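# Report on the structure
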Amino acid sequence: MTTLAKPYEEKRIRPGWQLTERQAKRIEKILGYATLVAVAMLFVLPLYWMLATALKTPEQTFALPPQWIPNPVEWQNFPEVFAEVPFGRFIVNSFILVALNVVGQVFAVSLVAYGFARLRFPGRSVLFLLMLATLMIPYHVTLVPRFILFSKLGWINTYLPLVIPAFMGSSFLIFLVRQYMMSIPYDLDEAAYIDGANWFDVFRHVILPLSRPALVLVVVFTFVEVWNDFLQPLIYLNDPNLFTVSLGLSFFQGTRETNWNLLMAGSLMVTIPPLLLFFFAQRQLIGGISIEGLKG
Amino acid sequence: MISRVPYFRAWADLTATRRKEAIAGYLFISPWLIGFLVFFIGPIIASFVLSFTQWNIVGTPEWIGFKNYVDIFTSDARFAKSVQVTLTYAVIYLPLEVICGIGLAALMNQKLRGIGVFRTLFYMPYVVPQVAAALVWVWMLNARYGVVNTVLGWASVTGPNWLGSPAYVLTSLTMIALWGVGGSSVIYLAGLQNIPEVFYEAATVDGANRVQKFLRITLPMLSPTIFFQVVLGLIGVFQTFTPAYIAAGATGGPLQSGLFYMLYLYNRGFETLRMGYASALAWILTIFILIVTVMVLRSSRYWVYYETDRSANR
């Protein structure tokens, strides 16, 4: 056995100019790192430029050629943003909306996902397919009639249009959590039923605790989505006191078109929370995205 | 063999316990069910009916038959412009998204130490709020003080007035969108990692080179992912709103060169409050997206390779 060499292990005769395998591997590695670093610089540049501009005085901002490193560093831009527009208000507003949406989504998504994953009822498959179909329908079809509905209800310029739908659960998140719950062994449910548990007990004490990783994903997705949303606040909110960070930033752009250092300071502050969340929840997030990749 | 469970079993066939279970099931899914009826099916029907009316939200809608649709197709220059802008953007952006997405995924798929750091860096822009992302690019693309033209200047290229000249608005928006390509790269990466290593080993034994391996193994094995991403990307292109609103301007920028369909719909519906007209625009877009999606789906059997197809044919 051992004396038989596999065909692909046979040594090929190399012309003198050809690299040995080790040299080739090494060059490949160096090239790999070089490309990675070059591309990474391209991807980081906008964020760096946001940071650099946020720390510049107006003179430095409009210096020619542009200054790569702000010197001296102007920390004053951040308090100035708060003085120019009610930016603190916007941040608080966004956090309120995020919190309400997270509560709504976690509540609704876990209940509905459990219903679809574990309970048998007539029409379950049809309803589940309908839910998946709503993912394929672009949201703008319902944009106008929803606006009409909410304005007839007197909800314009309130947070209700931005919060109430969260308590109905997002189809995508329900799908995600349902898939996760399907992977939990049914034996656990059965053991609980034998102990006299009812459906809600099983949900509350068996499935819900075990679904935590999926629910973390729900929290992260909801946070990023609500924090970053622009179109819906734009449509439903007119009162600057109710503005969210994204809307406030665009409002700020409209009033202070030329103060790029301040605009970048504002943008930076809006970018930091989702970025931090991303760093903390990176593993779940990227794992969840590969689940998302399977949904087609 | 898995027996096929009929997807609908009549209520009368159920035992008492199964009925109880069914009631519990409906209660558990009721939040979604209510939302589906109130915020989805209801609005869709309302939108369809409204598209045949003229209504500016106060007063009663006036039934005008197909007039909105006729007007849109025969005498609405901005509609034609917005369709042209959106389609042009789709043709520029989508192929680049696939190429850059796969390229970046291949970079991320290298077995090198510290690759995790690079993956994080590539994915990061995807998490940046769209408004902030668009703003920083508006600033970087500034004709005089922008860093993009400075870098181009190093290569003795005089950069254009990116967002100020109609010819470059869509190019600028493509750049902004490609900055976030890490989002789809992660999905391509998952696709790449699902390709069994033995395929490449077998190809090596047969003496295949890198290009051959890429064309004969990677691309076919990745085609379901590409297909999925193209469909999603297409829907995304037609829904582009925020970057266009921030970077090109609420009314579509110079000579309306950035008048995306959604921007136009927003202008019609929420700025001038023409609800009937905007509903008609929304329906036209929806039907268009459905047609294109079905066309991509139909074409997929010619270029998408599914592992399961073979086993199904036996």
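Residues numbered from 1 in each chain as written. Chains lettered and ligands numbered in written order. Predicted model: local features only at pLDDT ≥ 70, side-chain atom pairs only at ≥ 80, totals over all residues.

## Re the overall build of chain A
Across its full length, chain A holds 15 helices and 0 strands. Buried positions account for 40% of the 296 residues belonging to chain A. Of the contacts formed within chain A by residues at least 6 apart in sequence, a portion of 75% connects residues at least 24 apart. (Helix = DSSP H or I, 4+ residues; strand = E, 2+ residues; numbered from the N terminus. Buried ≥ 20, exposed ≤ 12 C-beta atoms within 10 Å, placed from the backbone. Contact = placed C-beta atoms within 7 Å.)

## Quick word on the overall build of chain B
Within chain B, the secondary structure is distributed over 14 helices and 2 strands. Here chain B has a C-alpha radius of gyration of 25 Å; the compact-globule value for 314 residues is 20 Å, and the former is much larger. If one aligns the C-alpha atoms of chain B with their principal axes, the spans along those axes are about 70 × 70 × 35 Å. Here chain B holds 314 residues, and 37% of them are scored as buried. Pairs at least 24 residues apart make up 70% of the contacts formed inside chain B by residues separated by at least 6 positions. (Rg over C-alpha atoms; globule rule 2.2 N^0.38 Å.)

## Some remarks on the domain arrangement of chain A
All names here are of chain A. Looking at chain A, the domain boundaries give domain 1 (20-76) and domain 2 (78-292). When each unit is reduced to the centre of its C-alpha atoms, the spacing between domain 1 and domain 2 is 33 Å. Taken together, the elements giving at least two residues each to the side of domain 1 that touches domain 2 come down to α1 (21-54) and α2 (58-61). If you tally residues by element for the side of domain 1 that touches domain 2, the top one is α1, at 4 residues. Looking at side-chain class alone, the side of domain 1 that touches domain 2 contains 5 nonpolar, 3 polar and 1 charged residues. (Domains from an automatic or database assignment. Nonpolar A, V, L, I, M, F, W, Y, C, P; charged D, E, K, R; others polar.)

## Considerations on the interface of chain A and chain B
Listed by partner, the interface residues are 77 residues for chain A and 72 residues for chain B. At 13 residues, α1(A) tops the list of elements feeding residues into the side of chain A that touches chain B. Residue composition of the side of chain A that touches chain B, grouped by class: 52 nonpolar, 21 polar and 4 charged.

## Points about the pairing of strand β1 (residues 53-56) of chain B
Residue and element names in this part refer to chain B. Here β1 runs beside strand β2 (residues 58-63); their pairing, made up of 3 bridges, is antiparallel. By the bridge assignment, threonine 53 is partnered in β2 with tryptophan 63. As consecutive antiparallel partners, β1 and β2 are separated by 1 residue, and within that stretch isoleucine 57 has a phi angle of approximately 75 degrees, a positive value. (Pairing = 2+ DSSP bridges.)

## A few points about the nonpolar core
Grouped together as the largest cluster of nonpolar side chains are 148 residues, with contacts concentrated most on A:Val112, A:Val177, B:Leu135, B:Val136 and B:Ala247. By residue number, the principal contributor to this core is helix α4 (residues 87-118) of chain A, which donates 12 residues. Sequence-distant contacts of A:Val112, that is, excluding residues within four places in its chain, are made with A:Gly169, A:Ile174, B:Phe28, B:Ile29, B:Pro31 and B:Trp32. (Core = buried A, V, L, I, M, F, W, Y, C linked by C-beta atoms within 7 Å.)

## Points about the domain arrangement of chain B
Put simply, an interface is often sized by how much accessible area is lost when its parts join up. All names here are of chain B. Domains assigned within chain B are domain 1 (11-68) and domain 2 (70-313). A separation of 33 Å is found between the C-alpha centroids of domain 1 and domain 2. If you look at the interface, domain 1 gives 13 residues, while domain 2 gives 12 residues. With 4 residues, the top contributor of residues to the side of domain 1 that touches domain 2 is β1. In the side of domain 1 that touches domain 2, the residues fall into 6 nonpolar, 6 polar and 1 charged.

## Focus: the environment of B:Ser30
Residues and elements named next belong to chain B. Looking at where serine 30 falls in the secondary structure, it is placed in helix α1 (residues 16-50). Taking the C-beta count within 10 Å as the criterion, serine 30 has 15 such neighbours and is therefore assigned partly exposed. Along the sequence, serine 30 and arginine 274 sit 244 residues apart, while their C-alpha atoms lie 34 Å from each other.

## A short note on the confidence of the model for chain B
All names here are of chain B. Of the residues in chain B, 95% have a pLDDT of 70 or more, and the chain-wide mean is 87. For residues 310-314, every residue scores under 50 in pLDDT, and the model assigns this stretch 0 contacts once sequence neighbours within four places are set aside. Overall fold confidence for the complex sits at a pTM of 0.86, while the interface term, ipTM, reaches 0.86. (pLDDT = per-residue confidence, 0-100.)

## As for the packing of α4(A) against helix α8 (residues 171-182) of chain A
All names here are of chain A. For the pair α4 and α8, the least separation of the axes is 8 Å and the interaxial angle reads 50 degrees. As summarised for this structure, α4 and α8 are arranged oblique, according to the angle between their axes. Helix-helix and strand crossings are classified by hand; for α4 and α8 the assignment is right-handed. Two secondary-structure elements touch here, α4 through Gln105, Val109, Ser110, Val112, Ala113, Tyr114, Phe116, Ala117 and Arg118 and α8 through Leu173, Ile174, Val177, Arg178, Met181 and Met182. By residue class, the composition of the contact of α4 with α8 is 11 nonpolar, 2 polar and 2 charged. (Axes fitted to C-alpha atoms, helices over the stretch in contact; angles between N-to-C directions. Parallel < 35°, antiparallel > 145°, perpendicular 65-115°, else oblique. Left-handed = near helix turned anticlockwise from the far one by under 90°.)

## Observations regarding helix α9 (residues 197-205) of chain B
For α9(B), a buried count of 0 out of 9 residues is recorded, marking the element as mostly open to its surroundings. Phi turns positive, to about 80 degrees, at B:Gly207, one or two residues after α9(B).

## Here's the deal with the environment of A:Phe150
Residue and element names in this part refer to chain A. Among the structural elements, phenylalanine 150 can be located in helix α6 (residues 143-152). With 20 C-beta atoms packed within 10 Å, phenylalanine 150 lands in the buried category. Counting along the chain gives 86 residues from phenylalanine 150 to tyrosine 236, while the straight-line C-alpha distance between them is 8.7 Å. Sequence-distant contacts of phenylalanine 150, that is, excluding residues within four places in its chain, are made with Trp155, Ile156, Pro161 and Tyr236.

## Remarks on unusual backbone geometry
For the bond from A:Leu64 to A:Pro65, the omega torsion is -10 degrees, close enough to zero to count as cis. Following the sequence through the fold, A:Pro65 ends up in the loop between α2 and α3 (77-84). Backbone torsion omega between A:Asn71 and A:Pro72 reads 0 degrees, so that peptide bond is classified as cis. For A:Pro72, the location among the structural elements is in the loop between α2 and α3. Backbone geometry at B:Ile57 places phi at a positive 75 degrees, although glycine is not the residue there. A count of 15 C-beta atoms within 10 Å places B:Ile57 in the partly exposed class. Backbone geometry at B:Gln256 places phi at a positive 55 degrees, although glycine is not the residue there.

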